[in-house]
Amino acid sequence: MAALPPRKNPTPTKISKQHLTPLQILLQMGFPKHRAEKALAATGNRGVQLASDWLLAHVNDPSLDECSPREYILYACPTGPFLQQLESFWTQSRELCGWNGAHNFTPHITLVSFFKAPDECAPQLSKALKELMTLPGALIDRPISLELYTSPNFMGFFVVEDDANYLKRLALQYVKEVSHSIISDTYEQLDALVTCFPWCGGVTSARCIPRSSRSISLEPHVKSLHLTLAYQFPTNQFNALKQLVENLDSSSTGANWELRLYSRDSRLATKQVHKVLYPHTPREPDELELRIGDYIYLSSEAIQNSSDGWVEGISWLTGTTGYLPENYTERTAESDAWTMHRTVQLCDPITPELDEQPSDMVDGVAGFNRSAVQENHDIESLETVSVGHGEVQTQPNSVEMPQVDVKSKEDAVSAEKLYDLMKRRTAQSVIGGNAGDEPKDNSIAKDAAAGRRIYVLRHGERIDFTFGTWVPYCFDQTGNYIRKDLNMPKSLPQRISAQWKRDSPLTNMGLYQARLTGEGMKDAGVRIDHVYSSPSFRCIQTTTSILEGLGLKDSHPIHVEPGLFEWLAWYQEGLPDWLSKEELVAAEYNIVLDYEPLTKEDDLKARLQEGLEEFYHRNSSVTEHLINNTSGNILIVGHATTLDTCTRHIVGEKLRSTNDMSRIMQKVPYCSMAVIESEDGLGDWKLVEPPCDPVTHTNNNRFDWKILA
């Protein structure tokens, strides 16, 4: 075969995308440069997909074309057991004494106060922090030492002198790294450096000398470094807060620290941040759509001056402005809505020896951790995790949460030791109870010997909370369903595609969660005599999979009871269009066709203004009716609230307030189970331990194979 001669003038081709920067790709996609830079900065420079999703979500944002720089801040933040203590203190102090200034931020020591930087400088700011910690001596081999201080108007930990000087040197060096990276030889930019870092003076370098050879003088940070626990609190709360503060132990040998670079929209610096608790569909042109998982920026004046409970706010998710019911939101830390650009280890990782007892954490995160929520979600358009629709779980939407460049806490551990440590943590750390507790006896004899029982469960993982806005992407123009992810079902019952938006099916993981739960119940010897489900399709699916795990799918048909549906106050726009019994049977679900429900669908449509007490009464009435009109054990499958609303009145407890309900809902993950038991089967019901373990697993974000290219 003849040799192929080289061409002297090959036809020009487009540059391969793998050699293009995210900004260049966005420009090729047609986005204006200033918008592309704003999107990349707002998403922590986490890639093209997130930035383009942000741009699409903010298409109606009136500030999209404003060239207002973001504000950046550098924190030193604790992790590990010490952070758990602080998070617990935050929660207790907020519940006991109400909101104070410290609750507005994640636990931290401020190293560089807020400074403004153009959007195009965001990558250099992040890179400078990474390079800072590669310098010799940057890491320390022990936790930062702190000293407790309390006064009538401030409580916190001050950093001891040696460690404070170390942190100040790091902060000063970061300013130098930034100046080397982004400052050119113009007076304006050099002056901007001093403006950004007011506590600093000049540094001279070859890249920073202006034409006039004018230099900048740098000065070290002169303020005392501290970690604030409480401030801006009434004096009558001093003793209660002081007692909580004195229970904290800052000397924990398991405390690690890391540096975090955050940014926020400078226009919203004076606003309160509220998280959405309940969804709201606008009924007037000036109303703002509320989605679970979104944050809303509200001014304190607007809240105080509202006469009807409606306030004007700005959506973090879309940037749009409108009126919303303030009681559909709850104030949260301002830092929850910040963007994380980078986190780097400050201390050499402190990990337990393999012959020590494993900690109560999994990968450095245990319980509720605001920063961990931000760090561990690499969210993309259709894969965003969601926080419930009246059932707060993980979260919907088609754009990203604040992102972080995550660095493993175990970098310094050998592979063999890390594997063993992680195996032990995964196997033991998340398990509840104390180390000395007796193992749970799941024998058949134990459950068979119990009195009459009612098992109440939440449904499994749902598609819309896992993938966000999924319907437009998964149905063609003729309404045919198209699977877009392996965690989506292969097929769905035939219906109008828009109806799935408000009656979401389960993911395959949700079906698996439910089947695992059923298998666990079977292994524990659970006996079920009657089965009831909310009419939501996700609940019907969950019930079917639980019965499959129990081996009762064919022998135990499902009674569809609309009275088990969740709180109607979340459905002001009307009830979802549920599949009829006949449609469910046609889709091969085992349904009791001649069952006459206690609460009919038309009854629900007339109760859309349902109060919380009425909701409790509706759900618990179903349970009472089943107790009085059936015999044997009952399986009820509903929603996050169902575990409480179907049982609380039965066991003789007071009904919860709306705030208590919201807190409870956030602690009820998919396929959670509540069990009540009565020895005689009619009275003296009590809440008892479920017969099998819960289902626990990590988030598994969508993989983009292009990262390997």
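Parameters and conventions
Starting afresh in each chain, residues are numbered from 1 along the sequence in its written order. Only residues with pLDDT of 70 or above have their local features reported here, since the model is predicted, and side-chain atom pairs are shown and tallied only from 80 upward, although totals for entire chains, interfaces and linings are computed over all residues. Side-chain measures here rest on the full set of heavy atoms in the structure, leaving out hydrogens and waters. Only DSSP runs of H or I reaching four residues or more are called helices, and only runs of E reaching two or more are called strands; each is numbered from the N terminus. The length a helix should cover is 1.5 Å for every residue beyond the first. To sort residues, take the accessible area from a 1.4 Å probe on protein chains only and compare it with the maximum for the residue type: under 20% means buried, over 50% means exposed, and anything in between is partly exposed. The axes are straight lines fitted to the C-alpha atoms, using for helices just the contacting stretch, and the angles between their N-to-C directions are given from 0 to 180°. Here the angle decides the label: under 35 degrees means roughly parallel, over 145 means roughly antiparallel, 65 to 115 means roughly perpendicular, and every other value means oblique. Crossing handedness is read from the near helix: turned anticlockwise from the far helix by less than a right angle, it gives a left-handed crossing, and turned clockwise, a right-handed one. Residue contacts are counted whenever heavy atoms from the two residues lie within 4.5 Å of one another. We treat two strands as partners when DSSP finds at least two bridges between them. Without a salt bridge and with relative accessible area above 30%, a residue can belong to a patch; like charges are then joined within 9 Å and nonpolar side chains (Val, Leu, Ile, Met, Phe, Trp, Tyr) within 5 Å. In these tables, accessible area is a Shrake-Rupley quantity obtained with a 1.4 Å probe, and a residue counts as shielded only by the protein chains included in the view. Definition used for salt bridges: Asp or Glu carboxyl oxygen within 4 Å of a side-chain nitrogen of Lys or Arg. Confidence scores here are pLDDT values: one per residue, from the predictor, ranging 0 to 100. Each residue gets one label: Ala, Val, Leu, Ile, Met, Phe, Trp, Tyr, Cys and Pro are nonpolar, Asp, Glu, Lys and Arg are charged, and the others, such as Gly, are polar. Note on aromatic contacts: the rings of Phe and Tyr and the six-membered ring of Trp form a pair at centre separations within 6.5 Å, being stacked when their planes are under 30 degrees apart, edge-to-face when over 60 apart, and tilted otherwise.

Per an unreviewed UniProt entry, the protein goes by Ecdysteroid-phosphate phosphatase and derives from Aedes aegypti.

Draft legend 1. Expanded view of helix α16 (residues 537-550). A rise of 1.5 Å per residue sets the reference length of α16, with its 14 residues, at 20 Å; its end C-alpha atoms lie 20 Å apart and thus fit the reference within 8%. Taking burial as the measure, the 14 residues of α16 include 13 buried ones, the bulk of the element.

Draft legend 2. Fine view of unusual backbone geometry. Of note, N45 is a non-glycine position whose phi angle comes to about 50 degrees, a positive value. Residue position: N45 is located in the loop between α2 (33-42) and α3 (48-57). The phi dihedral of C671 falls on the positive side, at around 60 degrees, and the residue is not glycine. On the secondary structure map, C671 appears in the loop between α21 (658-665) and β17 (673-678). Look at C671 and you get buried, because its relative accessible area is 5%.

Draft legend 3. The packing of helix α15 (residues 508-523) against α16, seen in detail. Packing of α15 against α16 leaves a shortest axis separation of 7 Å and a crossing angle of 40 degrees. One finds that α15 runs oblique with respect to α16. The two elements α15 and α16 meet at a crossing, and its hand is right-handed. Mapping the contact onto sequence places L511, A514, R515, G518, E519, M521 and K522 in α15 and Q541, T542, S545, I546, E548, G549 and L550 in α16.

Draft legend 4. Quick peek at the pairing of strand β7 (residues 272-276). In terms of burial, β7 is a largely internal element, 5 of the 5 residues being buried. Both faces of β7 are covered, namely the face carrying Q272, H274 and V276 and the face carrying V273 and K275. Pairing geometry for β7 and strand β8 (residues 295-298), over 4 bridges, is antiparallel. Across the sheet, H274 pairs through a bridge with I296, a residue of β8.

Draft legend 5. Spatial organisation of the sheet that holds strand β9 (residues 310-315). Across the sheet, which stays open at both edges, the 5 strands sit in the order β10-β9-β8-β7-β11 with antiparallel pairing between neighbours. Strands at the two margins of the open sheet, each flanked by one partner only, are β10 (321-325) and β11 (329-332). On average, each strand axis in the sheet is tilted by 45 degrees relative to the strand beside it, whichever way the strands run.

Draft legend 6. Inspection of the sheet that holds strand β14 (residues 530-533) at higher detail. The strand order β15-β14-β16-β13-β17-β18 describes an open sheet built from 6 strands, whose pairing is mixed. At either end of the open sheet lies a strand with only one pairing partner, and these are β15 (559-560) and β18 (686-688).

Draft legend 7. Examining a nonpolar patch on the surface more closely. A grouping of M509, Y512 and L516 is seen on the molecular surface, where their side chains present a nonpolar patch of about 240 Å² in accessible area. Residue position: Y512 is located in helix α15.

Draft legend 8. Focus on the environment of Y512. Accessibility expressed as a relative area gives 40% for Y512, which makes it partly exposed. Along the sequence, Y512 and T542 sit 30 residues apart, while their C-alpha atoms lie 9.1 Å from each other.

Draft legend 9. Spatial organisation of the pairing of β17. Burial of β17 is extensive: 6 of the 6 residues sit out of reach of the surface. With 3 bridges joining them, β17 and β18 adopt antiparallel strand pairing. For I676, the partnering residue across the bridge sits in β18 and is L687.

Draft legend 10. Region of interest: the confidence of the model for the protein. Summing up the model confidence of the protein, the mean pLDDT is 79 and the portion of residues at 70 or higher is 75%. With pLDDT under 50 throughout, residues 183-221 is counted as low confidence; its partners more than four residues away or in other chains account for 67 contacts. Taken as a whole, residues 350-438 scores under 50 in pLDDT and shows 236 contacts with residues more than four places along the chain or in a different chain.

Draft legend 11. Inspection of the packing of α2 against α3 at higher detail. Contact pair α2 / α3: the axes reach a minimum separation of 8 Å and the direction vectors enclose 110 degrees. It follows from the interaxial angle that α2 and α3 lie roughly perpendicular. Once α2 is placed against α3, the crossing between them reads as right-handed. Between α2, through R35, A36, K38, A39, L40 and A42, and α3, the contact on the second element is made entirely by A51, W54 and L55. Within the contact of α2 with α3, the residues separate by chemical class into 7 nonpolar, no polar and 2 charged.

Draft legend 12. Quick look at the packing of aromatic side chains. According to the stated counting rule, one finds 25 aromatic pairs in the structure shown. Where F105 meets W338, the ring centres are 5.7 Å apart and the plane angle is 50 degrees; that geometry is what we call tilted. Placement of the pair is F105 in the loop between α4 (81-97) and β2 (109-117) and W338 in the loop between β11 and β12 (339-345), with a sequence separation of 233 residues. Each member of the pair, F105 as well as W338, is classed as buried. Ring centres of F114 and W338 lie 5.6 Å apart, and the angle between their planes is 85 degrees; on these two criteria the pair is classed as edge-to-face. Separated by 224 residues along the polypeptide, F114 in strand β2 and W338 in the loop between β11 and β12 bring together distant segments of the chain. What makes F114 partly exposed here is its relative accessible area of 25%.

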